[in-house]
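Below are the chains, spelled out letter by letter.
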Amino acid sequence: MQRSLTLHDTTIGKKVIMALSGFVIVGFTIGHFLGNLNLYLGPEALNGYAKALHDLPALVWGTRLVLLFAFGAHIASAFSLWGRNRRARGSRYKKNKDLATDYAARTMYWTGPILLLYLVYHLLHFTILPAHPGDVYRNVVEGFQNPLIAGVYIAGNVALGFHIFHGIYSAFQTLGANHPRINSYRRDLAVGIAAVITLGNLSFPITVLTGIVS
Amino acid sequence: MSDRLINLTLHVWRQTGPDEPGRFETYQAKDITTHMSFLEMLDVVNEGLIERGETPIVFDYDCREGICGSCGIVVNGEAHGPQRRTSTCQVHMRQFQDGDELWLEPWRASGFPIVKDLMVDRSAFDRIMQAGGYVSIRTGSAPEANELPVAKELADKAMDAAACIGCGACVAACPNASASLFTAAKVAHLSLLPQGQPERADRVRKMVAQMDAEGFGGCTNHGECEAACPKGISLDWIARMNRELVRAMVKSEKPVQARDR
Amino acid sequence: MELRSNEPTGPIDKRWSNHKEAGKLVAPANRRKHSVIVVGSGLAGGAASASLGEMGYNVKCFCYQDSPRRAHSIAAQGGINAAKNYQNDGDSVYRLFYDTVKGGDFRSRESNVYRLAELSVEIIDQAVSQGVPFAREYGGLLANRSFGGAQVSRTFYARGQTGQQLLLGAYQALSRQIEAGTVEMFPRTEMLDLIVHDRRARGIVTRDLTTGEVSTHIADMVVLCTGGYSNVFYLSTNAKGCNATAVWRAHRRGAAFANPCYTQIHPTCIPQAGPYQSKLTLMSESLRNDGRVWVPRNKEDVTKPPEAIPEADRFYYLEERYPAFGNLVPRDVASRNALYVTNDGLGVGPEVDGERRGVYLDFKDAIERLGEQTSRERYGNLFEMFQRITGDNPYETPMRIYPATHYTMGGLWVDYNLQTTIPGLFAGGEANFSDHGANRLGASALMQGLADGYFVLPFTVGNYLGDVRNLPPLADDHPDVQAAVSAVEARIDKLMNAPYPKHPPEHYHRKLGRIIWTKCGMSRSKEGLEEALREIPELRDEFWREVKVTGSGAELNQTLERAGRVADFFELGELMCIDALDRKESCGGHFREEYQENGEALRDDENYSYVAAWDWTGNASEPQLHKEPLTFEYVKPTKRSYK
Ligand SMILES: Cc1cc2nc3c(=O)[nH]c(=O)nc-3n(C[C@H](O)[C@H](O)[C@H](O)COP(=O)(O)OP(=O)(O)OC[C@H]3O[C@@H](n4cnc5c(N)ncnc54)[C@H](O)[C@@H]3O)c2cc1C
Ligand code: HEM
Ligand code: HEM
Ligand code: SF4
Ligand code: F3S
Ligand code: FES
């Protein structure tokens, strides 16, 4: 095989792609979460916010394109690495004892696909087949009043929390952002962002379910 | 100084060749004094097996002082056994209790085919080194050693990375059987020093390409490797290798060939 | 047989350069046509293979470990000497030469030693360029320390892992040549015989340790860099696999073996803990800088915890006997005194075979004086190592130490070109006898291995090949080749099928080691040696009758590997005793109880200023002695005294 090596040929390159795309998605989730906070300001605020956004098709489609690309790259690399890493072990250990890794890191290949399923459902639910087109507030609140739907959201966002906790910490390492001065903050930052987004996102279905928002 | 006598039950992975099926065999290790090293305990078991006319358990060893990197057994799921920063040959039996049941397994990784029983083929590491883990300096053509001062801090860091003994525990412990820690340590050692600069970009690309070609997994930052490493090689070097690779890929105009195993 | 050292003459500082200028060269285009076998991938073999490969020769390199990086050079801790005079304390090539000749107790060849000192300087340049991370000062320049009682600071070091870092440097250079295709590497392959054809070394017979396959490798010449034979003693600081098989097989094919009785015992090793012990671990001698060595004055106290023994009942024997040097007396003096006090029943620590072989090395005063912080900085690593192995904490209780065999000065006899008495067979590193005389100075074995590998062999190999030019091809089925193969196969067969198989090889090795250690170790006597010479052949016969090796020879078989090595140790062990008995003087590491003056070694320059080179006669008990007289033009023999 005589061909030149490209970054994404390498395991490291694939991880770099995942880290960059992961950051794009994390960035989106942060923005998305902040926008969704309008829920607490009432129907006018949320619907107004949604309308304002939709009045800027360039922004909407631009974001969609970037996201689509990011998800595509992220998922493609994830599956390619996944296969590789499974083959790399060969036979399994009879006994296994973890010393350093944690639950979040071990379950990345579960939380990732769960997120994918969640996303498909989420898009069908709110974006592609909304019950009340144009009334985002009603879609959300009525949707979450159904415990089954709220449950899906809770599960999805718990998976999100684990995924981006390890994801953010891991992405720093992948991108080589490693310096004695910042290393001690990497984990804190990952915990912080993951906690804010997850708890924030979880608050939506929970407040609706408990009737705080209706 | 107080030693005890303990009895252990060993479940040892026996496999006659790379393509043969393996299985666990159970042996009793009786009257083991806690002053013994782990490998001395296995010596005693083996001498007993030979006296009884059976074939002894095969495992790699040489220096038995934690520096050659030959030894390596996964004991109850831990590469090199229960003592941190300690290679198998340096683990002593005082780490164990009377009646303990131990599962002894080889390093398991596609990049390290099993040779026999607990012995594996780590030649993949040599090939990663051959791909670029050196400074190309012709014998006899070296400049005077003090001509190029090296900051003490850099020299010390390079030494931290260079302390790797090439044992492969990082691969054994990594959930993805990734050789990142080993490769990163050598990339870091040479890229930190001024002597390693001319080949810096080429080296990391070639070594990573070979690491991948050997069938090791990718790193997903579990950190198990660092925990299992008998020399405490730091995860920081993996981050550094990643940075080096991206930098080399972005900056270099000359392509590097992808490699086959 | 006449031993011709082939040393150049003339002013000593010009000998090597003149010799090189007069030597033959092989043109770069022709080097590819020449094949060289290098057995060993340690400092000597690794450096030689890399350098020869780089020059364009066709090199095959062999080692028994799974990777060339694991040769036992990796274990050297202390450092490497070089006459750089970076510390401006008056060091020079001449001074290093002088110290080494004197340190070798005037039993080495001046020309060789001078060359070694000269090349030391280039070794450091070479290693630094390879990226060996030597310790540095804050200004960025290389740091040095003084080592083994030297008057100057000329030792370069990389933490406590100097050997590892130097070996990795050589291994990296070797890896580069393997990638370039000039060196073919054969790991897990053991040399079991030498092929001699038309009176020249032309190849080796090997056994592939993973498959058991016996094969031949033919070349234009063979270089042995297979390390030392300390493992004759069973317990030593060497790796388990270290062996004398390659040099011993060469000896049996006609290479003279020089000064086998010169062995070095290192005073600060961790004592044996039990009969199962498989090896001994060395701790840096620097420990003696601050630690105080003692044993209880009274036999009744040896089992008491050391803390319970009052100051007045402690016998600081080195400080009392050698007030001027105290705990820093030379290696052999420190070692011998430990032997004497434990012979008197004052040894401490666990009882092994009815004896307590250990003395205390106490850091209590040092920790009080230096503070725990400074002690930790200086000795923390060593304390940790001690605790890992023994379970004792040196911050709380004294360490225990005892001497152990560490290095062998003897080896294959070589001339100035490192050629043995078989043309075309060269030997480098610890495998030859060349530069250390009767005793080796600390930090000079690494230097010698690399000098041989990087600088001497690449020249002398070319010189030999330039001289013989085109050797006729030697076919695999030639009777000389087939005879060697059959010999190897027959021997494997014999080891596998002893008539009354009883015990694994270790059983006999332990017994052999015990004989050699007690009778040809730190202190030797006529009676002891004669006794050993009766016991060894008996034990050897027992071994061949009863050794038990299970499995088969046609597969990976570690017991068989060990059995073959032990068989050779038996013959070499006997030769060591014969040599020790023959040398009726005390010099360097060889101490004969009959030849001393107030406890000091008594050299006999008149009668023993020679290299003893022994020839194989077909009977291990009757080797033939040849003498290479030693003359000293520059460093005149003096008596040493440490009182
Ligand atoms: C614990 C310890 C500490 C030391 N510390 C120092 C120090 O601080 N400073 C210093 O200067 N010196 C020190 N020494 C001495 C020094 O390390 C050695 O003398 C030197 O490294 C020997 O190098 P070598 O290349 O000759 O042999 P080795 O490094 O032993 O290499 C021998 C090679 O030969 C191969 N081999 C052997 N037999 C066969 C066979 N039959 N077939 C195939 N291959 C074979 C082996 O695989 C190996 O590759 C120390 C020694 C020890 C044991
Ligand atoms: C949609 C399906 C998804 C799949 C299948 C998936 C899968 C994965 C996998 C397998 C990894 C590598 C595991 C590791 O490095 O330990 C990973 C890393 C990561 N993921 Fe995802 N993920 C998905 C979605 C997401 C989403 C929605 C986000 C952000 C909100 C995200 C952010 C990240 C980040 C930041 C990383 C770290 C990359 C790195 O370590 O370099 N992923 N993902
Ligand atoms: C409980 C938490 C969440 C709530 C309440 C929520 C709510 C919504 C709503 C109401 C919309 C439709 C907006 C519109 O049509 O104008 C939407 C769209 C979307 N959401 Fe969420 N969301 C949540 C979590 C997430 C998460 C975790 C992700 C990603 C990982 C995500 C990704 C998306 C995407 C990609 C869209 C489509 C945007 C577009 O139209 O381009 N959402 N979300
Ligand atoms: S990095 Fe550590 S675990 Fe991996 S090979 Fe090196 S020493 Fe062994
Ligand atoms: S355990 Fe494996 S995933 Fe990376 S951090 Fe270590 S190589
Ligand atoms: S045997 Fe050498 S490191 Fe364990």
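To be clear, the structure that these remarks concern was listed above.
Residues numbered from 1 in each chain as written. Chains lettered and ligands numbered in written order. Predicted model: local features only at pLDDT ≥ 70, side-chain atom pairs only at ≥ 80, totals over all residues. Heavy atoms only, no water.

Moving on, we come to the overall build of chain A. In terms of regular secondary structure, chain A is built from 8 helices and 0 strands. The linear arrangement of helices and strands in chain A, starting from the amino end, is α-α-α-α-α-α-α-α. Residues classed as buried in chain A amount to 42% of the 214 residues present. In chain A, of all internal contacts separated by at least 6 residues, the share reaching a separation of at least 24 is 75%. (Helix = DSSP H or I, 4+ residues; strand = E, 2+ residues; numbered from the N terminus. Buried < 20%, exposed > 50% of the residue type's maximum accessible area, 1.4 Å probe, protein only. Contact = heavy atoms within 4.5 Å.)

Turning to the arrangement of the chains, a few remarks are in order. Among the 2 pairs of chains in contact, the pair with the most contacts is chains B and C. Structurally, chain A and chain C remain out of contact, their C-alpha atoms never closer than 17 Å.

With 52 residues of chain B in contact, the opposing surface of chain A contributes 43 residues. Buried surface at the junction of chain B and chain A, summed over both partners, amounts to about 3,900 Å²; 53% is from carbon and sulfur atoms. Note that Glu78 of chain B is salt-bridged to Lys97 of chain A, the shortest N-O span being 3.5 Å. Viewed at the interface, chain A and chain B are joined by 32 residue pairs in polar contact (both at pLDDT 80 or more). Broken down by secondary-structure element, the contributors of at least two residues to the side of chain B that touches chain A are strand E5 (101-105), helix H4 (169-173), helix H6 (200-213), helix H7 (224-228) and helix H8 (236-251) of chain B. Counting residues per element, the side of chain B that touches chain A draws most heavily on H8 of chain B, at 9 residues. Its residues assigned to classes, the side of chain B that touches chain A shows 27 nonpolar, 14 polar and 11 charged. (Buried area = accessible area lost by both parts, 1.4 Å probe. Salt bridge = Lys/Arg side-chain N within 4 Å of Asp/Glu carboxyl O. Polar contact = N/O pair within 3.5 Å; in protein donor to acceptor, adjacent residues only side chain to side chain. Nonpolar A, V, L, I, M, F, W, Y, C, P; charged D, E, K, R; others polar.)

Bringing the interface of chain B and chain C into the picture now. Listed per partner, the contact involves 80 residues of chain B and 79 residues of chain C. Taken together, both faces of the contact between chain B and chain C bury some 6,500 Å²; the carbon and sulfur share is 50%. For the chain B face of the interface with chain C, the top three residues by lost area are Asp62, Thr139 and Met159 of chain B, together amounting to 10%. Here chain B is connected to chain C by 7 salt bridges. When the shortest N-O distance is used, the salt bridge between Arg188 of chain C and Asp60 of chain B registers 2.9 Å. Taken together, the connections running from chain B to chain C amount to 48 residue pairs in polar contact (both at pLDDT 80 or more).

The next subject is the packing of helix H2 (residues 123-132) of chain B against H6 of chain B. Residues and elements named next belong to chain B. Remark: H2 packs on H6, axes separated minimally by 8 Å, with the N-to-C direction vectors making an angle of 155°. Classified by the angle their axes make, H2 and H6 are roughly antiparallel. The chirality of how H2 crosses H6 is right-handed. Counting all contacts with H2, which are made through Arg127, Ile128, Met129, Ala131 and Gly132, the residues of H6 involved are Arg203, Lys206, Met207, Gln210 and Met211. (Axes fitted to C-alpha atoms, helices over the stretch in contact; angles between N-to-C directions. Parallel < 35°, antiparallel > 145°, perpendicular 65-115°, else oblique. Left-handed = near helix turned anticlockwise from the far one by under 90°.)

A few words now on the pairing of strand E12 (residues 292-296) of chain C. Residues and elements named next belong to chain C. The buried fraction of E12 amounts to 4 of the 5 residues, a majority that puts the element mostly inside the structure. With 3 bridges connecting them, E12 and strand E16 (residues 359-362) associate as antiparallel partners. In the strand pairing of E16, Val293 is matched with Leu361. When E12 meets strand E13 (residues 314-315), the two strands line up antiparallel, connected through 2 bridges. Bridging across to E13, Pro296 finds its partner in Arg314. (Pairing = 2+ DSSP bridges.)

A word on the sheet that holds strand E18 (residues 411-412) of chain C. Strand pairing in a sheet relies on backbone hydrogen bonds, with the paired strands running either antiparallel or parallel. Residue and element names in this part refer to chain C. The 4 strands are arranged E18-E10-E22-E23 in an open sheet whose pairing can be described as antiparallel. The sheet terminates laterally at E18 and strand E23 (624-629), the two strands that pair on one side only. Both strand E22 (residues 610-615) and E23 contribute to a ladder of 6 bridges, which runs antiparallel. Across the sheet, Ala612 pairs through a bridge with Lys627, a residue of E23. Contacts from helix H16 (residues 558-582) reach strand E10 (257-258), E22 and E23, with the element oriented near 140° to E22.

What follows is about the pattern of salt bridges. Summed over all chains, the structure comprises 73 salt bridges over all chains. In this structure, the salt-bridge partner of Arg122 of chain B is Asp60 of chain B, at a minimum N-O distance of 3.5 Å. Within this pair, whereas Arg122 of chain B is found in the loop between strand E7 (119-120) and H2, its partner Asp60 of chain B is found in the loop between helix H1 (38-51) and strand E3 (74-75), the two being separated by 62 residues in sequence. Residue Arg122 of chain B shares its accessibility class with Asp60 of chain B, and that shared class is buried. When the shortest N-O distance is used, the salt bridge between Arg565 of chain C and Glu190 of chain C registers 2.9 Å. Taken together, the positions of Arg565 of chain C in helix H16 and Glu190 of chain C in strand E6 (residues 189-197) put the pair 375 residues apart, joining distant regions of the chain. Judged by relative accessible area, which is 7%, Arg565 of chain C ranks as buried.

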